[in-house]
Amino acid sequence: MKIVIPETRLRQVKAQAVRTADRVGPMATQARDTANEKIVVARGWAAPKLDAAAHSIAEEIAPKISAMMSQAAARIDPAPTVKTRNRAPMLLLFMGLAVGAVGYAMYRKNADQWADSMKDSASDASHWVGQKTETTADRVSGATHDAASKVDEFGGKADSKADQISKKMS
């Protein structure tokens, strides 16, 4: 016993599948556009933060190191009346300068690495969202195509059944 599906029902299913495909396509495009906008917003937020960090270093840390070095220079300045030489201040000065230089270099390196990681993170996120959007759009397109193929197949079968039935009735 075979189940006979009316031709009008097959046409309705086919029309519904076409309408669904027309609705899903723009949604995938909108999802991709929204993701791109969010990435631009994230980059717009990160750029001023990096700039502020750079100005903070130039305005706060560099003057403190300069003042420290000036104080050390004033302390180790040889006075004409000094008879004995104490090498400890000079040693402390050079050690302080070395530690300050290393600290500053480490801070700059860390800031550069942070900036690079933020750029990479934003780039990776953009790439990932683009891939996911394309994959989703491809899946939706494939599913819509499969549904339309099935509807066409059932429509063809229904037409042939309808022809057979009409031949039998005549």
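Residues numbered from 1 in each chain as written. Predicted model: local features only at pLDDT ≥ 70, side-chain atom pairs only at ≥ 80, totals over all residues. Heavy atoms only, no water.

Participant: Please explain the overall build of the protein as it appears in this structure.
Facilitator: Secondary structure summary: the protein contains two helices and zero strands in total. The dimensions of the protein, computed from C-alpha atoms along their principal axes, are 135 × 25 × 15 Å. For the protein, with 170 residues in total, the buried portion stands at 9%. Here the protein has roughly 13700 Å² of accessible surface; of this, 60% comes from carbon and sulfur atoms. (Helix = DSSP H or I, 4+ residues; strand = E, 2+ residues; numbered from the N terminus. Buried < 20%, exposed > 50% of the residue type's maximum accessible area, 1.4 Å probe, protein only. Areas by Shrake-Rupley, 256 points an atom, 1.4 Å probe, with all protein chains shown as cover.)

Participant: Looking at this structure, I do not really get the pattern of salt bridges. What am I missing?
Facilitator: This structure, assessed with the given rule, holds two salt bridges. Residue Arg 11 is joined to Glu 7 by a salt bridge in which the shortest nitrogen-to-oxygen separation is 1.9 Å. Pair noted here: Arg 11 and Glu 7 are both in helix H1 (residues 7-76), with a separation of four residues, about one helical turn. On the basis of relative accessible area, Arg 11 is assigned to the exposed category, the value being 51%. With its nearest N and O atoms 3.9 Å apart, the salt bridge here joins Arg 32 to Asp 33. (Salt bridge = Lys/Arg side-chain N within 4 Å of Asp/Glu carboxyl O.)

Participant: Honestly, H1 in this entry has me stumped. Any pointers?
Facilitator: An α-helix turns once per 3.6 residues; consequently, residues spaced three or four apart project the same way. The terminal C-alpha atoms of H1, which comprises 70 residues, lie 103 Å apart, in line with the 104 Å expected from a rise of 1.5 Å per residue. Residues of H1 that are buried: Leu 10, Ala 17, Ala 28, Ala 35, Ile 39, Ala 46, Ile 57 and Ala 72. (Expected span 1.5 Å × (residues − 1).)

Participant: It is not clear to me how the environment of Leu 91 should be interpreted in this structure. Could you clarify?
Facilitator: Of note, Leu 91 is situated in helix H2 (residues 88-169). Using a relative accessible area of 52% as the deciding quantity, one classes Leu 91 as exposed. Along the sequence, Leu 91 and Val 40 sit 51 residues apart, while their C-alpha atoms lie 51 Å from each other.

Participant: Just checking my understanding: could you explain a nonpolar patch on the surface for this structure?
Facilitator: Side chains of Val 4, Ile 165 and Met 169 sit close together on the surface and give an oily, nonpolar patch of about 330 Å² of accessible area. One can find Met 169 in helix H2. (Patch = residues over 30% accessible without salt bridge, like charges linked within 9 Å, V, L, I, M, F, W, Y side chains within 5 Å.)

Participant: So what exactly am I meant to see when it comes to H2 here?
Facilitator: Over its 82 residues, H2 runs 118 Å from end to end, which matches the ideal 122 Å to within 8%, given 1.5 Å per residue. Within H2, the full set of buried residues consists of Leu 93, Ala 115, Val 129, Gly 130, Thr 133, Val 151, Gly 155 and Ala 158. The secondary structure elements touched by the buried residues of H2 are H1. (Contact = heavy atoms within 4.5 Å.)

Participant: I keep staring at the packing of H1 against H2 and nothing clicks. Help me out?
Facilitator: The packing of two helices is summarised by the inter-axis angle and the distance between the axes. Where H1 meets H2, the closest approach of the two axes is 10 Å, and the angle between their N-to-C directions is 175°. When the axis of H1 is compared with that of H2, the two are roughly antiparallel. Looking at side-chain class alone, the contact of H1 with H2 contains 36 nonpolar, four polar and seven charged residues. (Axes fitted to C-alpha atoms, helices over the stretch in contact; angles between N-to-C directions. Parallel < 35°, antiparallel > 145°, perpendicular 65-115°, else oblique. Nonpolar A, V, L, I, M, F, W, Y, C, P; charged D, E, K, R; others polar.)

Participant: Can you walk me through a negative patch on the surface in this structure?
Facilitator: Together, Asp 112, Asp 116, Asp 120 and Asp 124 line one region of the surface with negative charge. For Asp 116, the location among the structural elements is in helix H2. Judged by relative accessible area, which is 41%, Asp 116 ranks as partly exposed. (Lys, Arg positive; Asp, Glu negative; His and termini not counted. Charge placed at Lys NZ, Arg CZ, Asp CG, Glu CD.)

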